[in-house]
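Commentary on secondary and tertiary structure
Listed below, chain by chain, are the residues.
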Amino acid sequence: MTQKTHFAPQSLLAQGSPCLQQHDINEKQSLIPPVYNSTTYLRDEDNQYRSGRVYSRADNPTYKAPETLIATLEEAADARIFSSGMAAATAVFLALKPGDHVIAPTIMYWALRNWLRTFGQDFGLHVRFIDTHVDGAVEAALAEHPARLVWLETPGNPLWTVSDIAAIAQSCKKHDALLAVDSTVATPLLTRPLSLGADLVMHSATKYLNGHSDVISGALATTEDSAFWQRIVALRAQNGCVPGPDDAAQLLRGMRTLHLRVRESCESALWLAEQLQENPHVAEVLYPGLPSFAGHEIAKRQMHNGFGGMLSIRLKGGAEQAIKTAARTRLWKRATSLGGVESLIEHRASIEGEGTPVPDDLLRLSVGIEYREDLLRDLEQAFQS
Ligand SMILES: *Cc1c(COP(=O)(O)O)cnc(C)c1O
């Protein structure tokens, strides 16, 4: 599915397709690929399905452009889009077998951690949560007990811990474990997990890929068309965790400006992190782009063109000041989610609830594409009033 091309990611994204000759996507020569709302496909007269499509619970031609684009950006053999990031992530775990061992990070997207603790364990998975960002921790865990799959999230939500994909991939190869990386926050532009040795990469396409907070969607891409990948593809078809065709088209439209949005968000996030470090109300800024940040050296190696648009701040005034600050911002919108053009602020401990590893003085900031000095001024007035 990957298209061999000498064009840069920016060009592919702007065009919305790596197929610069578009015939295979669009035989009617419309500049924008059509949306196929059909749930079913015609059988040939001799009873064959030469189109390769039977029913839209399995596949829809509208997926082809976004899937080919994601596969090409990730340097993947194949990619599939899903009805959500959670649908994509859980498809990986459900393609395992009851009794399989899994290693996952202590710092990760909370809803997936909750799913692993509840449905994942009920399904029969043995899940170990370890500090994957600590040097040698995954190697030690695999040496102690083998695992079928290691799941990483880097930078990891919402402390932005950085896990060393290349080093962990070597451990996984040595111990015969699959490696999957939730790369939602890094986007395909900042980190390419497959080129660092991972087997699978996952995105919540709801976030940066779509970028406009109006589509729920997810994606997986694979380094090879393996039997395990085919199990995931079959699972998507049989469980029906596919996006609607209109959402797939909207996702593609969002992706066409991914490079511009991500560049702006990264530059603003770095600038804000530097400014906020100096602020008397702020105890600590968590951002992989800061030289003082624990994961900075690994981030410099595995992230390119920026350190992402996500940062967190811890307030000297504790939980109370954090909640009050979020209540007083005007430009920053108080909402969950991330990766949209609008900047969002959130007190994570409130949403994650009991058992969260997130300190209660922490605010998570998703930096959008507004004028960055307005974003800073809005935070400063919110700290003070
Ligand atoms: C949002 C998110 C998910 C889940 O994606 P949905 O599209 O909301 O299902 C998974 N991982 C990360 C890092 C996320 O931010």
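Residues numbered from 1 in each chain as written. Predicted model: local features only at pLDDT ≥ 70, side-chain atom pairs only at ≥ 80, totals over all residues. Heavy atoms only, no water.

1. Let's talk about the site of the ligand
- Around the ligand, the surrounding shell holds 14 residues, and the nearest of these are Gly 85, Met 86, Asp 182, Thr 206 and Lys 207.
- Between the ligand and Gly 85 there is a distance of 2.8 Å, counted from an oxygen atom to a backbone nitrogen or oxygen.
- For the ligand, whose accessible area on its own is 380 Å², the fraction buried by protein is 93%.
- For the shell around the ligand, the elements supplying multiple residues, two or more each, are helix H3 (85-94) and strand S6 (200-204).
- Looking at side-chain class alone, the shell around the ligand contains 4 nonpolar, 7 polar and 3 charged residues. (Near = heavy atom within 4 Å. Polar contact = N/O pair within 3.5 Å; in protein donor to acceptor, adjacent residues only side chain to side chain. Areas by Shrake-Rupley, 256 points an atom, 1.4 Å probe, with all protein chains shown as cover. Helix = DSSP H or I, 4+ residues; strand = E, 2+ residues; numbered from the N terminus. Nonpolar A, V, L, I, M, F, W, Y, C, P; charged D, E, K, R; others polar.)

2. What about H3?
- Most of H3 sits out of view: 8 of its 10 residues are buried.
- Within H3, the full set of buried residues consists of Gly 85, Ala 87, Ala 88, Ala 89, Thr 90, Ala 91, Val 92 and Phe 93.
- N-capping of H3 is provided by Ser 84, with a side-chain oxygen placed 3.3 Å from the backbone N of Met 86. (Buried < 20%, exposed > 50% of the residue type's maximum accessible area, 1.4 Å probe, protein only.)

3. With respect to the sheet that holds strand S2 (residues 101-105)
- One open sheet holds the 7 strands; their spatial order is S1-S7-S6-S5-S4-S2-S3, and the pairing between them is mixed. The sheet is open, and its two borders are formed by strand S1 (78-82) and strand S3 (126-130), each paired with just one other strand. Neighbouring strand axes in the sheet, compared pairwise and without regard to direction, differ in orientation by 20° on average.
- Note that strand S4 (residues 149-153) and strand S5 (residues 178-182) share 5 bridges and pair parallel. Residue pairing across strands places Leu 149 opposite Leu 178, the latter belonging to S5.
- Across the sheet, helix H4 (residues 110-123) touches S2, S3 and S4, and the angle it forms with S3 is around 155°.
- Sheet strands in contact with helix H8 (residues 227-239) are S1, S5, S6 and strand S7 (218-222), and its direction is about 25° off that of S1. (Pairing = 2+ DSSP bridges. Axes fitted to C-alpha atoms, helices over the stretch in contact; angles between N-to-C directions. Contact = heavy atoms within 4.5 Å.)

4. What about the pairing of strand S12 (residues 362-366)?
- Here S12 lies mainly inside the structure; 5 of its 5 residues are buried.
- Going residue by residue along S12, you find Leu 362, Arg 364 and Ser 366 tucked away on one face and Leu 363 and Leu 365 tucked away on the opposite face as well.
- Summarising the sheet, strand S11 (residues 344-347) and S12 pair through 4 bridges and their orientation is antiparallel. If you follow Glu 346 over to S12, its bridge partner there is Arg 364.

5. With respect to the environment of Arg 301
- Positionally, Arg 301 belongs in helix H11 (residues 296-302).
- Of the residues examined, Arg 301 reaches a relative accessible area of 54% and is grouped as exposed.
- Side chain to side chain, Arg 301 and Asp 164 meet in a polar contact 3.2 Å long.

6. Some remarks on the domain arrangement of the chain
- Under the domain assignment, the chain is made up of domain 1 (9-255) and domain 2 (258-384).
- Domain 1 and domain 2 are separated by 26 Å when their C-alpha centres are compared.
- Taken together, the contacts link 37 residues of domain 1 with 38 residues of domain 2.
- Across the interface of domain 1 and domain 2, roughly 3000 Å² is buried in total on both sides, 63% from carbon and sulfur atoms.
- When the area that domain 1 buries against domain 2 is broken down by residue, the three leading residues are Trp 160, Leu 190 and Tyr 208, summing to 25%.
- Linking domain 1 to domain 2 there are 2 salt bridges.
- Residue Arg 113 pairs with Glu 352 through a salt bridge whose shortest N-O separation is 3.3 Å.
- For the interface between domain 1 and domain 2, the tally reads 16 residue pairs in polar contact (both at pLDDT 80 or more).
- At the level of elements, helix H1 (9-15), H4, helix H6 (165-174), helix H7 (187-190) and helix H9 (245-255) are the ones that each hand at least two residues to the side of domain 1 that touches domain 2.
- Of the residues in the side of domain 1 that touches domain 2, the class split is 20 nonpolar, 14 polar and 3 charged. (Domains from an automatic or database assignment. Buried area = accessible area lost by both parts, 1.4 Å probe. Salt bridge = Lys/Arg side-chain N within 4 Å of Asp/Glu carboxyl O.)

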